[in-house]
Structures are given as structure tokens and as C-alpha cells.
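Summary of the model geometry
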Amino acid sequence: MVVNAYVLTFAGFLLLGGRACDFFGRRKVYITGIILFTLASIGAGVAQTGTQMITIRAIQGIGGAILSPATLTIIVTTFHDHACPRPSAPGAQSPGRAAPSVSLGRILTGWASWRWVFFINVPFGIVAGTVAVMYLREMRNRDATTKLDVTGSVLVTGVSRRRSTRW
């Protein structure tokens, strides 16, 4: 259930995160996503009950859904020359990236506790947020006039949750 809480909210709010980049600006959305994801990582690390963990992981999924499209659009618009390869969803999700994460997760849980799997995100979030505040310039789609579909994202996430056999 803990993994499903993250994955379902991430998937349900991913399009909303991309649309928010156009509407509010990529820098603002990126910083908001980093803050939300980092705070949720702290919350997951200190969660005391299963309900708290599931709720916080859902919030972390929303933070990730806000952060992911902002990150990709910032990379694409910053390095837009043809010499630089463009990031792609399959490239970002490559199987080779999972092995070091699993190994690091096993080391952390064996050395310290399972809570460090969440706490490890905090220093990276602080550094990424600080660098973003200092160096990123605001970019947004000036033609974005359509409102955000928050209701649609909530409904998609709710329908996905109902169809999931594990919840």
C-alpha cells in the first residue's frame, strides 16, 4: 500500500504538474516540487503509523509529479542546442539506474534503519532547491490561458485507486 500511494498519486498528478509548469513557470513549480518532495521525505522518515506513512507517501507522490515535468522541461529548454541529446522518458527510466538504488537501499537499511531510505533524499533536496533558487531563471509559456484541471487529477487518482486490487 505504501508504494501504491506514491505511484498512484504520482501518475494521477503528472499531467497537472506539466501544465502547472506552463501556467505558473518552471522555476516556481520546480522549487515547489522540491520543497514538497523533501518535506514529505522527512515526514516519511519520522512516520509512526501505517496510516501516516501511506498519507505522506501520497503527498510525496504529488511532489514527485510536480517535480518530474519541471525538471525535464528545464533541461530541454536550458540545453536546447542540437549537440546535446534530449532526455526521454525511456532514458530516464532505464533499468541500469535501478541496481545502484537497490544496493544503496540495502546498505542503508542494514547499516542504519529503513527510515534512512527517506532521509537520504533530504540533503539532495536541500542542495537542488538552493541551486534552483540561486541560478534558475523563470521560464513559462506566455500563451498558457487554460486553467489547471485539479479536479480531473483527483478523479483520475481516485478511479485508479478503486481499480487497484492491492488497496
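Here's a quick rundown of the structure. Per chain, the residues get numbers from 1 upward, laid out in the order the sequence is written. Totals for whole chains, interfaces and linings use every residue, but because this is a predicted model, local features are given only for residues with pLDDT of at least 70 and side-chain atom pairs only at 80 or more, for both listing and counting. Note: side-chain values were computed over all heavy atoms of the structure, leaving out hydrogens and water.

Section: the environment of G17
Following the sequence through the fold, G17 ends up in helix 1 (residues 2-24). Along the primary structure G17 and A65 are separated by 48 residues, whereas in three dimensions their C-alpha atoms are 5.8 Å apart. Whether two residues touch is decided by their heavy atoms; if any such pair falls within 4.5 Å, the residues are in contact. Non-local contacts of G17, meaning those with residues more than four positions away in its chain, are made with V29, A65, I66 and P69. Strands here mean DSSP runs of E at least two residues long; helices mean DSSP runs of H or I at least four residues long; both are numbered from the N terminus.

What about the pattern of salt bridges?
Whenever a carboxyl oxygen of Asp or Glu lies within 4 Å of a side-chain nitrogen of Lys or Arg, that contact is scored as a salt bridge. Tallying each qualifying case throughout the model produces two salt bridges. The partner of R19 in a salt bridge is D22, with the nearest N and O atoms 3.6 Å apart. Of the two residues, R19 and D22 both sit in helix 1, three residues apart, roughly one turn of that helix. Accessible area is worked out with a 1.4 Å probe on protein chains only. A residue is then buried under 20% of its type maximum, exposed over 50%, and partly exposed in between. Of the residues examined, R19 reaches a relative accessible area of 23% and is grouped as partly exposed. Across the pair D22 and R26 runs a salt bridge, and its minimum N-O distance is 3.9 Å. Residue R26 is classed as buried on the basis of its relative accessible area of 14%. Overlapping salt bridges, with partners in common, bring together R19, D22 and R26 in one network.

Section: the packing of helix 1 against helix 3 (residues 50-78)
Between helix 1 and helix 3, whose axes approach to 6 Å, the crossing angle comes to 35°. The interaxial crossing formed by helix 1 with helix 3 has right-handed handedness. Working convention: axes come from line fits to C-alpha atoms, limited for helices to the stretch in contact. Angles between N-to-C directions cover 0 to 180 degrees. Crossing handedness is defined as follows: a turn of the near helix away from the far one that is anticlockwise and smaller than a right angle gives a left-handed crossing, while the clockwise case is right-handed.

Take it as geometry only, folks, not as evidence of what the structure does.
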